[in-house]
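# Overview (structure and organization)
Below, each chain spelled out in residue letters.
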Amino acid sequence: MTRDGWTLKITVSDVQVADSYMGGYLTDKPQVQGDVFISAKVTYEAITDHASYSPVDWSAYCSGTAATTSYVLYGPKPGLEFGSLVAGRNAFGYLVWEVPATPAKSGWTTRP
């Protein structure tokens, strides 16, 4: 991806679906009954200096509607943060969305 004069190589991997994330005393559950969490690992590699990255660059869509970004305590770690990279450096983190579990409503895509 090239934007504003800098270039990043972006890889999305380790996509998982979870009904909930269990912690020591609490459990992260979707806010809407019947929804599930979808997580994805996003890895950035800077091709040029000053390449910035951010979790707000991403959206997930289910049947054309934007899914809710979820902030969970016990989901996959580390969460994707904000940052800037110099050429040759990498950064990665996980993003989590809440989406409908019903197959007819699913069919999600992500867009950086």
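Values in this document were obtained by computation on a predicted structure and should not be read as measured data.

This part takes up the pairing of strand β11 (residues 90-100). Most of β11 is tucked away, with eight of its eleven residues classed as buried. One ladder, built from eleven bridges, connects strand β5 (residues 35-46) with β11; its direction is antiparallel. In the strand pairing of β11, Val42 is matched with Gly93. Where strand β9 (residues 68-69) and β11 come together, two bridges link them in antiparallel fashion. Counted as the bridge partner of Thr69 is Trp97 from β11.

Residues Tyr25, Leu26, Leu73 and Tyr74 make up a contiguous nonpolar surface patch of about 510 Å² in total accessible area. Classification of Tyr74 as partly exposed rests on a relative accessible area of 30%.

Counted according to the given criterion, the structure contains two aromatic pairs. Measuring from ring centre to ring centre gives 5.2 Å for Tyr21 and Phe37, while their planes differ by 20 degrees; the resulting arrangement is stacked. Here the residue Tyr21 occupies a position in strand β3 (residues 21-22), and Phe37 occupies one in strand β5, the gap between them amounting to 16 residues. For the pair shown, Tyr21 and Phe37 are each scored as buried.

We now examine the nonpolar core. Counting 19 residues, the largest nonpolar core has Tyr44, Trp58, Leu85, Trp97 and Val99 as its most contacted members. Looking at this core, the elements with two or more residues in it are β5, β6 (51-53), β7 (59-62) and β11. Among the elements that make up this core, the one with the highest residue count is β5 (six residues). Listed in part, the five residues of the second largest apolar core include Ala18, Phe37, Val72 and Val96.

Scoring rules and cut-offs
- Residues numbered from 1 in each chain as written.
- Predicted model: local features only at pLDDT ≥ 70, side-chain atom pairs only at ≥ 80, totals over all residues.
- Heavy atoms only, no water.
- Buried < 20%, exposed > 50% of the residue type's maximum accessible area, 1.4 Å probe, protein only.
- Helix = DSSP H or I, 4+ residues; strand = E, 2+ residues; numbered from the N terminus.
- Pairing = 2+ DSSP bridges.
- Patch = residues over 30% accessible without salt bridge, like charges linked within 9 Å, V, L, I, M, F, W, Y side chains within 5 Å.
- Areas by Shrake-Rupley, 256 points an atom, 1.4 Å probe, with all protein chains shown as cover.
- Salt bridge = Lys/Arg side-chain N within 4 Å of Asp/Glu carboxyl O.
- Phe/Tyr/Trp six-rings, centres within 6.5 Å; stacked < 30°, edge-to-face > 60°.
- Core = buried A, V, L, I, M, F, W, Y, C linked by side-chain atoms within 4.5 Å.

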